[in-house]
Amino acid sequence: MTTSTIHTGATISEFREGFFSLVAQAQSIVITAHMSPDDDSIASVLSMYTILTKKYSDKKIQVIYTGETVERYNIFSYFDQITFVDDISNHLDGVDTLILLDVCKYSRSSNFPDVLSQVPTRICIDHHASPPAEFSLALIEPTYSSNAELIYKALDAEKYIDKPLAELFLLGILGDTGNLTFVDGAQTEVFLIVKKLVEIANVRIDSFLSRYRTIPKRIMPLLQEFVKNTKYIDILGWPTMQYSFVERSFAETGGYSDEDMSAASHIYMGQYLPRIEKQEWGVVFSPRSDGGVRMSSRSMSGSVNVRVLSESLGVGGGHDRASGANFKSEEGTPVEIDFCIQTVLDFMKNNKPVLS
């Protein structure tokens, strides 16, 4: 099937027509997103699942993620329909349609991306600026504040909206906009959408956030470790880099799960990246149970484009201001945190930053 990638919001109605035409022909559909799911990723897959099951109750529709479950989202509608597996590539037999959300590269959803690329019909909805893979149909719009907002517009979600679905869209929009603090002048329509969603969900935003963003007491030592290990590095030509990490031995001794590690690193980033005085960007490294290391980056407008940094290293991607990456273990040998840090520093020493 010929690839058709649509980039402009003026053609959203065209995409919608093509999307529902392909889904109507599908017999077995799998919905997925990037590994290490965040608020917008979960909101994207669950809002998509909600709309498609309402519209096509007779179809086999599954939501499958590569990786461990993230239980803090279990308060949301249809979370129990998500299957977390070692790798999605092992669960695509008989699947004729793959819907990839909040990511446009198969390698960020599976360790065996070639398997995903062989599914007969492949559809993508994404709001990242990364160069996309080939799809049967794609809507890629980096101007949108979140992928949840893009799905809301692309699928004309107001036709299907109810309280549970409104909460899902709120989850994604608030998550990717930092509770509406990252919205720029070209994205102000999102405020009108949030107004509608809050009214339909009948929630206060602070109360809504407290339902799934509480800080477990068990991760407090992890937060302390991130703060203790904070470093500042000056490399010629680059804005001063702030980074922190948790050693694998500390995580293993404390019995911390990947979900614990994600929660702690997310809180550290929200509070300390890049909010330290005169610090425009930073990176956090955290070990994972599969032997890999997760690298998460944040930056201020006009500073380092962390998406380009992750893509240039060949380990990830994301937003210009917020990116995620994974250093994967080879043949069962755990990746050392020091190796990841040094890889980034060596790259900086040998390359100029992309500022945006």
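Throughout this description, residue numbers start from 1 for each chain and increase along the sequence as written. Only residues with pLDDT of at least 70 get local features here, since the model is predicted, and only at 80 or more are side-chain atom pairs given and counted; chain-wide, interface and lining totals rely on the full set of residues. Side-chain measures were taken over the full set of non-hydrogen atoms in the model, leaving aside hydrogen atoms and water.

Another aspect to go through is the sheet that holds strand 8 (residues 231-233). Taken in spatial order, the six strands of this open sheet run 8-9-10-11-13-12, and their pairing is mixed. Strands with a single pairing partner mark the edges of an open sheet, and in this sheet they are strand 8 and strand 12 (316-318). With direction set aside, neighbouring strand axes in the sheet form an average angle of 20°. Criterion used throughout: strands pair if DSSP finds at least two bridges between them. The way it works is that DSSP assigns letters per residue, a run of H or I at least four long becomes a helix, a run of E at least two long becomes a strand, and they are numbered from the N terminus. Taken together, the three bridges between strand 8 and strand 9 (residues 241-245) define a ladder with antiparallel strand orientation. By the bridge assignment for strand 9, Tyr232 is matched with Gln242. Contacts were defined at the residue level, with two residues in contact if any of their heavy atoms lie within 4.5 Å. Between N-to-C directions, angles span 0 to 180 degrees; the directions come from axes that are lines fitted to C-alpha atoms, helices contributing only their stretch in contact. Seen against the sheet, helix 8 (residues 220-228) touches strand 9 and strand 10 (281-287) and runs at an angle of roughly 140° to strand 9. The sheet strands contacting helix 10 (residues 258-272) are strand 9, strand 10 and strand 11 (293-299), and the helix crosses strand 10 at an angle near 165°.

To continue, consider helix 11 (residues 306-313). The rule is simple: take the accessible area with a 1.4 Å probe, protein chains only, and divide by the maximum for that residue type; under 20% is buried, over 50% is exposed, in between is partly exposed. Most of helix 11 sits inside the fold, with six of its eight residues counted as buried. For helix 11, every residue scored as buried is listed here: Val306, Arg307, Val308, Leu309, Ser310 and Leu313. As for helix 11, its buried residues are in contact with strand 10, strand 11, strand 12, strand 13 (322-327) and helix 12 (337-350). Looking at where helix 11 begins, the residue whose side-chain oxygen comes 3.1 Å from the main-chain nitrogen of Arg307 is Asn305. The first or second residue beyond helix 11 is Gly314, which carries a positive phi of 75°. Any N or O atom pair separated by 3.5 Å or less is treated as a polar contact, with the protein-specific requirement of one donor-capable and one acceptor-capable atom, and with residues adjacent in sequence counted only for side-chain atom pairs.

If you trace the backbone, Thr230 turns up in the loop between helix 8 and strand 8. Thr230 gets classed as buried once you look at its relative accessible area, which sits at 18%. Looking at Thr230, its side chain comes within polar contact range of the main-chain oxygen of Phe226, at 3.0 Å. Among the polar contacts made by the side chain of Thr230, one reaches the main-chain carbonyl oxygen of Val227 at a distance of 3.1 Å. Discounting residues that sit within four places of it in the chain, Thr230 has contacts with Gln242, Tyr243, Ser244 and Tyr268.

Salt bridges are counted wherever a side-chain nitrogen of Lys or Arg sits within 4 Å of a carboxyl oxygen of Asp or Glu. If you walk through the whole model with that rule in mind, you get 14 salt bridges. One salt bridge in this structure joins Arg204 and Asp206, with 2.6 Å as the shortest N-O distance. For Arg204, a relative accessible area of 57% gives the class exposed. Between Arg307 and Asp320 there is a salt bridge, and its shortest N-O distance comes to 2.7 Å. Within this pair, whereas Arg307 is found in helix 11, its partner Asp320 is found in the loop between strand 12 and strand 13, the two being separated by 13 residues in sequence. Note on Asp320: relative accessible area 26%, which makes it partly exposed. Within the structure, one salt-bridge network assembled from shared partners comprises Asp39, Arg72 and Arg213.

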